[in-house]
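Residue-level structural notes
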Amino acid sequence: MPTAYKNPHGQHTVRQWCSKALARADFPLANSTVETSVGPVELTSAGTGPPRVVMVPGTGSNAAVALPWLRALSARWETTVLDLPGQPGLSDPHRPHRTRLAWYGRVLDEVLAAMEVDGVVLVGNSLGAAVTLAADSPRIAGRALVSPAGFIRLTVDPKLALASAIWLLHPTAEHTRRMLRLFVAPGENPPETEVEWMTLMASYCRTTLAPPPLPAPLLARCAERPCVVGVGEYDRFLPPRRLAPAVRRTMNLDLRVFPGMGHLTTPSHLDNVVSLVAEVAEPPAT
C-alpha cells in the first residue's frame with residue numbers, strides 16, 4: 001500500500017510539526033491511540049459535556065491543523081478529532097490504491113466502536129464529510145457536513161489548477177499563500193498556520209485526488225438520521241449553485257450557505273460551524 005509521504009524524512013518532519021503544534025495548544029488536550037485493522041489511529045480530544053462530537057478533517061489535514069475547530073467545538077461539547085490514516089499526521093500513513101471512501105468508512109466505524117460512546121455527532125469537513133457519510137456505525141446519532149465532498153465532483157477552474165500546479169512544483173510560502181487565497185473569500189487572507197502547513201505538505205507528502213460522489217442509495221440511507229450541510233458562498237470547489245441541487249436530490253436537505261466564506265473554513269467563520277453542529281447536537285424540544 002502507498003503511504004502519505006514521499007520518504008521517511010518527510011514522515012518524520014511532518015509528524016514532528018504536528019506534535020509541536022499540539023504541544024503549543026493554549027487549551028487542554030487529551031491524546032490517545034486506537035488500534036484498527038489498518039493500523040493505529042490518533043485521537044485528540046478536548047472539552048466536556050454531551051453529546052460526543054467526533055470531527056473528521058479534510059484532505060491533508062489532521063488534529064494539529066484543525067486546532068481552531070477543536071477549540072471552537074470543545075467549548076460546547078466533548079470533541080475528538082481524528083487523524084485519518086493515509087493522510088499526513090500522527091496516524092498510520094498507509095492508504096489503499098482504490099475504493100478509498102469505503103475503506104475510510106470502515107476505519108471510522110472501527111474507531112467509533114473502540115471509543116465505546118453512543119449518540120455520536122459526526123462533523124465532517126471536505127474529504128472528512130464524505131468519510132462520515134461512508135461510515136455506518138450504529139453509534140452515529142447525526143452528521144454535520146461542512147464544504148462536503150461526496151455529493152458532486154469538485155470544480156477546479158483554470159486559475160485554481162494553475163495555482164495548485166505551481167504550489168506542488170515549487171512549494172514556497174508565497175506560492176502556497178497565492179493558492180490559498182483562492183480557498184478563501186475575495187479580499188480575505190489565509191491563516192499563516194495554513195500557509196506553513198500546506199507548504200510543508202507539498203514538500204513532503206503525496207497528494208490525493210478528490211473523492212468521487214458517493215452512491216445515491218448510500219446517501220439516501222444517511223438521510224434517515226439527522227444531518228445538516230453547509231458551504232461557503234465563495235467555495236470554488238463546491239459552488240452552492242451546483243451543490244444545493246445535489247444535496248436536495250440525494251438527501252432531501254436544504255443547503256446552508258455561509259456568507260463571506262470560501263472552501264477553507266478560517267477561524268472567523270467557525271461560529272457558523274458551531275451553529276450548524278448545534279442543529280444536530282442540540283435539536284429543539286418538540
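Residues numbered from 1 in each chain as written. Predicted model: local features only at pLDDT ≥ 70, side-chain atom pairs only at ≥ 80, totals over all residues. Heavy atoms only, no water.

Points about the overall build of the protein chain
Along the backbone of the protein chain there are 10 helices and eight strands. Its C-alpha atoms give the protein chain a radius of gyration of 17 Å, within 12% of the compact-globule value 19 Å for 286 residues. If one aligns the C-alpha atoms of the protein chain with their principal axes, the spans along those axes are about 55 × 40 × 40 Å. Burial analysis of the protein chain (286 residues in total) assigns 56% to the buried set. With an accessible surface of roughly 12,300 Å², the protein chain has 55% of that area assigned to carbon and sulfur atoms. For the protein chain, the separation between the mean place of its 27 positive charges and that of its 24 negative charges on side chains is 8 Å. (Helix = DSSP H or I, 4+ residues; strand = E, 2+ residues; numbered from the N terminus. Rg over C-alpha atoms; globule rule 2.2 N^0.38 Å. Buried < 20%, exposed > 50% of the residue type's maximum accessible area, 1.4 Å probe, protein only. Areas by Shrake-Rupley, 256 points an atom, 1.4 Å probe, with all protein chains shown as cover. Lys, Arg positive; Asp, Glu negative; His and termini not counted. Charge placed at Lys NZ, Arg CZ, Asp CG, Glu CD.)

Section: the pairing of strand β3 (residues 53–56)
With burial as the criterion, each face of β3 is covered, one bearing V53 and M55 and the other bearing V54 and V56. Bridge count for β3 against strand β4 (residues 79–82) is three bridges, and the pairing is parallel. When the bridges of β4 are listed, V54 appears paired with T80. You can see the chain leave β3, run along helix α2 (residues 67–74) and come back into β4, and the turn it takes is right-handed. The pairing of β3 with strand β5 (residues 120–125) spans four bridges and is parallel. Residue V54 lies in a different strand from β5, and its bridge partner there is L122. (Pairing = 2+ DSSP bridges. Right-handed = clockwise from strand over helix to strand, strands pointing away.)

Section: the environment of D254
Within the element layout of this structure, D254 appears in the loop between α9 (240–251) and β8 (256–258). Considering only alpha carbons, one finds D254 and W197, 57 residues apart in sequence, at a separation of 33 Å. If sequence neighbours within four positions are ignored, D254 has contacts with V229 and R248. (Contact = heavy atoms within 4.5 Å.)

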